[in-house]
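So you can see what is in the structure, the chains are spelled out below.
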Amino acid sequence: MLRPKEVCQRLGISYRTLQEYVKKGYIKPERLPSGKMRFREEDVERLAGIIRKKKVVLYARVSSDAQNDLVNQVNYLKERVPEHDLVITDMGSGLNMKRKGFQKLLRMILNNEVSKVVVAHQDRLVRFGFEILEEVCKTHGCEIVVLEKEDPEQELIEDLISILVSFSGRTRGHEREKVKKCVEELKD
């Protein structure tokens, strides 16, 4: 009989996830007279077989309502990675961490459901904090694959533009126009 801590270690899950599995009936604990849970090894192995089938996820994002760009991005990803299990799409800024698709992907990674996330460009996933997300993925047995590497100088310009655009939304009309002019000059 295994203790909950041992089960979590073997499966690479958190105690909270184990509790969810018990609640959903994926695994049934034996109760000791003290009320503590113990798990049969064969039940843990059966559950491990279910959990270990991790998904390859394609993630595509566009900033605005440019549906054609999103469709093209998804088609490109599917062409390059035909062995995928799931496609997640988003519409919104790469600075916005509350995008529905991104939140779904993050929950799946944290639940150890994803083996690989594939994106066309690094900024399709997040504008800032890519290294942090990469470390979180590593911790949960997930790899991020970026198909197209960007020119570092171009990437820096894109980041500066994103920052300016983000802050321009907080300024008054005439100041916003100055920021837009600055952004246009950066693009040129």
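Bear in mind the structure is a predicted one, so any value in this text is a computation, not a measurement. (Residues numbered from 1 in each chain as written. Predicted model: local features only at pLDDT ≥ 70, side-chain atom pairs only at ≥ 80, totals over all residues. Heavy atoms only, no water.)

1. A look at the overall build of the chain
A count of helical and extended segments in the chain gives nine helices and six strands. Expressed as a percentage of the 188 residues in the chain, the buried residues total 35%. In the chain, the proportion of contacts linking residues at least 24 apart, taken out of those at least 6 apart, comes to 65%. Per element, the accessible surface of the chain, about 11900 Å² overall, is 51% carbon and sulfur. (Helix = DSSP H or I, 4+ residues; strand = E, 2+ residues; numbered from the N terminus. Buried < 20%, exposed > 50% of the residue type's maximum accessible area, 1.4 Å probe, protein only. Contact = heavy atoms within 4.5 Å. Areas by Shrake-Rupley, 256 points an atom, 1.4 Å probe, with all protein chains shown as cover.)

2. So, unusual backbone geometry
Phi at Asn 112 is positive, roughly 60°, even though this residue is not glycine. Within the fold, Asn 112 resides in the loop between helix H5 (100-110) and strand E5 (114-119). For Asn 112, a relative accessible area of 8% gives the class buried.

3. Here's the deal with the sheet that holds strand E3 (residues 55-62)
With respect to topology, four strands assemble into an open sheet ordered E4-E3-E5-E6, the strand pairing being parallel. Two strands lie at the open edges of the sheet, namely strand E4 (86-91) and strand E6 (143-146), each paired on one side alone. When strand polarity is set aside, the average angle formed by the axes of neighbouring strands in this sheet is 25°. Examined bridge by bridge, E5 and E6 share four bridges and lie parallel to one another. (Pairing = 2+ DSSP bridges. Axes fitted to C-alpha atoms, helices over the stretch in contact; angles between N-to-C directions.)

4. Describing the side chain of Asp 123
On the secondary structure map, Asp 123 appears in helix H6 (residues 122-125). Within polar-contact distance, the side chain of Asp 123 engages the side chain of Arg 124 at 3.3 Å. (Polar contact = N/O pair within 3.5 Å; in protein donor to acceptor, adjacent residues only side chain to side chain.)

5. Notes on the packing of aromatic side chains
A complete count under the given rule lists one aromatic pair for this structure. With centroids separated by 5.4 Å and ring planes inclined at 50°, the aromatic side chains of Tyr 21 and Tyr 26 adopt a geometry described as tilted. (Phe/Tyr/Trp six-rings, centres within 6.5 Å; stacked < 30°, edge-to-face > 60°.)

6. A short note on the pattern of salt bridges
Evaluated as defined, the whole model comprises eight salt bridges. The residue Arg 80 makes a salt bridge to Glu 148 at a minimum N-O spacing of 3.5 Å. Taken together, the positions of Arg 80 in helix H4 (residues 67-80) and Glu 148 in the loop between E6 and helix H8 (152-168) put the pair 68 residues apart, joining distant regions of the chain. Owing to a relative accessible area of 42%, Arg 80 belongs among the partly exposed residues under this scheme. Note on Glu 148: relative accessible area 32%, which makes it partly exposed. (Salt bridge = Lys/Arg side-chain N within 4 Å of Asp/Glu carboxyl O.)

7. A short note on the side chain of Thr 17
Summarising the element assignment, Thr 17 is placed in helix H2 (residues 15-24). For Thr 17, the side chain forms a polar contact with the side chain of Ser 14, separated by 3.0 Å.

8. Comments concerning H5
Residues Gly 101, Phe 102, Leu 105, Met 108 and Ile 109 constitute the buried set of H5. Down the axis, H5 shows its buried residues gathered within 125° of arc, on one side only. Taken together, the buried residues of H5 touch E3, E4, E5, H6 and helix H7 (130-139). Just past H5, the residue Asn 112 takes up positive phi, approximately 60°. (Arc of directions from axis to C-beta.)

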